[in-house]
Amino acid sequence: MIVGSQKPIEEIWNMVKDFKKVLVFGCNTCVAICHAGGEKEAETIASLIKMKASQEGKSMVVNNMGVMRHCEPEYFEPVMDEVKKYDLVLSTACGVGVNFLSDRTGTIPVYPGINTSFYGAVEAPGVFKELCAGCGNCILHMTGGICPVARCAKTLMNGPCGGTNKGKCEISKDVDCAWYLIVESIKALSTLDKHSEVIPPRNWSTSRDGGPRRISLEHIREYEEKEAAKTETAGGKK
Amino acid sequence: MAPETTCTPTEYRPYGAEIKETRPYSPCRAACPAHTDVQAYVGLIAQGKYTEAFEVITSVNPIASVCSMICHHPCEQSCRRCGVDEPLAVRHLKRFAIEKSRDYRRAKRKLVQKTKGKSIGIVGSGPSGLTAARDLANLGYNVTIYERHPVLGGMLASAIPPYRLPREVLKEDIDDVVTKGIEVKTNFEVGRDAKLDDLMKKHDAVLIAIGLSLSRSLNIPGVDGPGVLLAIPFLEDVAFGRKPELGEKVLVIGGGNVAMDVARSARRLGVQNVEMVCLENEQEIPAWKWEVDEAVEEAIKINYRWGPKAIKREGDMVKGLEVTKVLSVFDANKRFAPTFDNNVTTLLEADTIIITIGQMSNLSFLKDSAVKVDERGRVEWNPATQMSSARNVFVAGEVVTGPGSAIAAVANGHRSAIAMHLFLQGESIEGKLPVQEKDTIAQMPSEVVEKISKEQRMTVRHLAPEVRVKTMDHFEEGYTEKEALEEAGRCRGCGGGAVVDQKKCMACLTCLRVCPYGAPVVEAFSTIRPEYCQACGLCAPECPAQAISMVSYDVREIRNTLPAVIGTVDPRRQEPVIVALLCTHHAGLLGLDLPKNVCSVPVHCTSRIDILDMLKAFESGADGVAVVRCGDGKCKYKDIAPRVNARVKRVQDLLGMLKIEPGRVEILSATSTNGDNPYLLACADFSERVKKIGLRVGR
């Protein structure tokens, strides 16, 4: 899931202070799981903004609301009329949600209420850990299930480097050395021989380096476009 | 107008009434023939909302005062606390709430407008007749009650001895019903003063609710003659203050609850030597255990497992009852089929014998009427429509259901009222009457039982047996307010717990991690299993999607009401405005008088306090917020404190971001001291600390 964390109220205040009607708009999926931007936290942020406005002597209407996901239009379409009653939407969805909603609110700005941090897992209640970087070319089968792209500070394809120190990374004693973990893992899997294979330089064009990414599934699009065309024709005949 | 499908139209619906209908009932509610929402009213009592509790009770039970004295309380027998320690004392709590609401109930009595333009005659004014009368009057019908006795109430007035049911208690219930504008004809015996046909012509519909007013007798030698009495005439004498003629040694034949009434009344009429004889043994005896225990306390001897054979007389005078040893009472199919050892007999000496072996209806008034009676002498009726064989004549209560409890007759009265309403509105009845059997929450799993602390049931004081047998006076004391609050606090809130909104839940597992009782199961979404849930409310404020609500209370109530509770904050105030969120799960708040600057917000358990509630207090201008837990390890729930502490800490962090001093919110414990109320001390100390921090300006 996508993990985020709340922005400090001071930063949020600077974004919202000049608006009169603010909607704090929560997303009840990934960012709710990490207690950053679900409906509950949207209400919390709204409360803080109201108190801040009061401290600053500003009169401002601040409400909150939430939908299941901001990244599929069907989820927020039913509330779009309500959303459009505000002059600012402070979205507590991840950056995906902020972008996506922003495309659909016309002249109403959508600002981010949280910082989108990484793709991670719930390591323990309240602890979220980055485990994937979305590079577009997965090699986890070669690295004992541990991703060097996301978890090695240097994104090394052939490690460890000289900075490994008793299983920890040279950047911090609190950070595990991914390559130490990889070696331990493939040892446990009895595939240590893989470690002698050199992983060739990667083509990073599948990652961010190749520019913005988009996936279009032919088998779904073909059907959908035909259906759309039919509707258009039917509409034309009317 | 579409006929109402509920039993009675009523102004008050407890929070969650609608959703409760879609979910399994708490066992207490399902066990009550009238489906009284026990969890709701006990919860209201625990919050000190006595008149609301009264409303919940009386919404389905027009003889609530009566039931608060005499109900056999199947709710208690089915209480899920039975598996932990002892059941809730529901009947005593009911009595407490009703007695606390006396002025309220009297003030709200009023005439109901007769809007239907149709009239109904009700024959009999016992529990079923009174219930139907109330329901039909509420619906706007003209109702006339015909009662053969000088007062209303049926058996409640004419047979239940006053030591169990003080008549002023019964009068409260009857006044509630009659003041709706019901025509009452007492001393009016249908069959004597009018024919049923006359009533059928006079009214658009007639209800026969005459109960079982005739005692059955025994067909044994010696039964005829002086010294042998039947139960009902005897009890009528007792009820109306007449002195039945008794000897020095009374023997009551029968082991049912009416037999107990007879024997115990005989004791109270001054007979020292009262014995009972019944076919059954101690386990089989049909009377309620408490009746048996109280009778034994009153020095009544019960001769178990003897069957009456003959009444022995010397001349006219009764000498005693010859009895035969009973071998068994029930056959393999648990049907009543007593067997005897005729070789073993004995004589139970007595000079007065009272036969209390059952009752039947007096159906003589149905002779030559359109209402058919079957070959066994019972009124023919259709339980699906509550109708007799005559088109506009309905039946209710024990006349058709056979002997049962007062509250079962109430339930049947409701059914008849709905049936008559449908009939008079030209609707079909079949399939529209309420279903008696309800889905019920299962018993508590053993792993949950282990987590519930044992709390002794509050006992009720009885007058000492040697004192109480001297009069017909009621002998059971009611709860004090403190006792009632403590007892109500024992309720585990079955059926009032957490519910997940499936449209909002994204199966994040937070509730599963938070719940101390293992109630949630998370698949595509979370489901909170009611048999595990203790309604502590810990989960709802933790849910990141706000997908959890509670059946029995509004999770937003505190923050919604806080602005009004705090009111306008005076900028020139001298004392800080303190919001104190106080655990009310104990009688600790009773008589608590907080300083004016402290706004007290009672909360069932601090587990229910959301960070948003605390923030709302500051938003509304509070200078400080105290979360006051019950002290001394008294918490009714498990593992609450760490979660609540974490919430307070989070609020402190959030306030820090707004440069509001974190010391303005604290979690406190009401730990008992020798002197002042611990809640008062905690709040006063906190108020001083906040005063030192200073008053908030330009909030």
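The structure this text deals with has already been given above.
Everything numeric in this text was worked out from a predicted model, so none of it was measured.

Rules behind the numbers
- Residues numbered from 1 in each chain as written.
- Chains lettered and ligands numbered in written order.
- Predicted model: local features only at pLDDT ≥ 70, side-chain atom pairs only at ≥ 80, totals over all residues.
- Heavy atoms only, no water.
- Core = buried A, V, L, I, M, F, W, Y, C linked by side-chain atoms within 4.5 Å.
- Buried < 20%, exposed > 50% of the residue type's maximum accessible area, 1.4 Å probe, protein only.
- Contact = heavy atoms within 4.5 Å.
- Buried area = accessible area lost by both parts, 1.4 Å probe.
- Salt bridge = Lys/Arg side-chain N within 4 Å of Asp/Glu carboxyl O.
- Polar contact = N/O pair within 3.5 Å; in protein donor to acceptor, adjacent residues only side chain to side chain.
- Helix = DSSP H or I, 4+ residues; strand = E, 2+ residues; numbered from the N terminus.
- Pairing = 2+ DSSP bridges.
- Axes fitted to C-alpha atoms, helices over the stretch in contact; angles between N-to-C directions.
- Expected span 1.5 Å × (residues − 1).
- Arc of directions from axis to C-beta.

Turning our attention to the nonpolar core. Membership of the largest hydrophobic core comes to 101 residues, with the highest contact counts inside it found for Val16(A) and Ile49(A). Ile49(A) has contacts with Ile9(A), Ile12(A), Trp13(A), Val16(A), Val24(A), Met60(A), Val62(A) and Leu90(A), leaving out every residue within four places of it along the chain. Counting 48 residues, the second largest nonpolar core, distinct from the first, contains Ile122(B), Ala133(B), Ala137(B) and Ala406(B).

Before going further, it helps to examine the interface of chain B and chain A. Taken together, the 31 residues of chain B in the interface contact 25 residues of chain A. Of all residues in chain B, Pro544(B), Glu619(B) and Leu658(B) give up the largest surface area on contact with chain A, accounting jointly for 25% of the area buried on that side. Scanning the region where chain B abuts chain A turns up six salt bridges. Salt-bridge contacts for Arg556(B) lead to Glu43(A); the nearest nitrogen and oxygen are separated by 2.7 Å. For the interface between chain B and chain A, the tally reads 12 residue pairs in polar contact (both at pLDDT 80 or more).

Bringing the side chain of Arg264(B) into the picture now. Residues and elements named next belong to chain B. Along the polypeptide, Arg264 turns up in helix α14 (residues 257–268). A distance of 2.7 Å separates the side chain of Arg264 from the side chain of Glu298, its partner in a polar contact. Sequence-distant contacts of Arg264, that is, excluding residues within four places in its chain, are made with Tyr163, Glu291, Glu294, Ala295, Glu298, Ile300, Arg468 and Phe475.

Residue and element names in this part refer to chain B. Pairing in this open sheet of five strands is parallel, and the strands run β6-β13-β7-β8-β9 from one edge to the other. Across the chains shown, the open sheet's two edge strands, defined by having one partner strand only, are β6 (228–230) and β9 (301–304). Adjacent strand axes in the sheet meet at a mean angle of 25 degrees, parallel and antiparallel pairs treated alike. For strand β7 (residues 249–253) and strand β8 (residues 273–278), the ladder comprises five bridges, and the chain directions are parallel. Residue Val252 lies in a different strand from β8, and its bridge partner there is Met276.

The next subject is helix α24 (residues 641–657) of chain B. Between the first and last C-alpha of α24(B) there are 25 Å, a value that for 17 residues agrees with the 24 Å anticipated at 1.5 Å per step. Every buried residue belonging to α24(B) is among Val644(B), Arg647(B), Val648(B), Val651(B), Leu654(B) and Leu655(B), and all of these are buried. Along the long axis of α24(B), the arc covered by the buried residues comes to 120 degrees, so they all point the same way. Buried residues belonging to α24(B) abut α3 (39–56) of chain A together with α23 (611–619), β24 (624–630) and β25 (665–670) of chain B.

Right, let's get into helix α25 (residues 678–693) of chain B. Taking 1.5 Å per residue as the helical rise, α25(B) with its 16 residues ought to reach 22 Å, and the 23 Å between its terminal C-alpha atoms agrees with that figure. Taken together, the buried residues of α25(B) touch β22 (578–583), β23 (598–603), β24 and β25 of chain B.

This next bit is on the sheet that holds β24(B). All names here are of chain B. One open sheet accounts for four strands, arranged β23-β22-β24-β25; its pairing is parallel. Of all the strands in the sheet, just β23 and β25 have a single pairing partner and so form its edges. Strand-to-strand twist of the sheet, defined as the mean angle between neighbouring strand axes without regard to direction, takes the value 25 degrees. Across five bridges, the pairing between β22 and β24 is parallel. From the neighbouring strand, Leu581 faces β24, where its bridge partner is Val627. Packed on one face of the sheet, α23 meets β22, β24 and β25 and runs near 145 degrees to β24. Of the strands in this sheet, β24 and β25 touch α24, which is tilted by about 155 degrees from β25.

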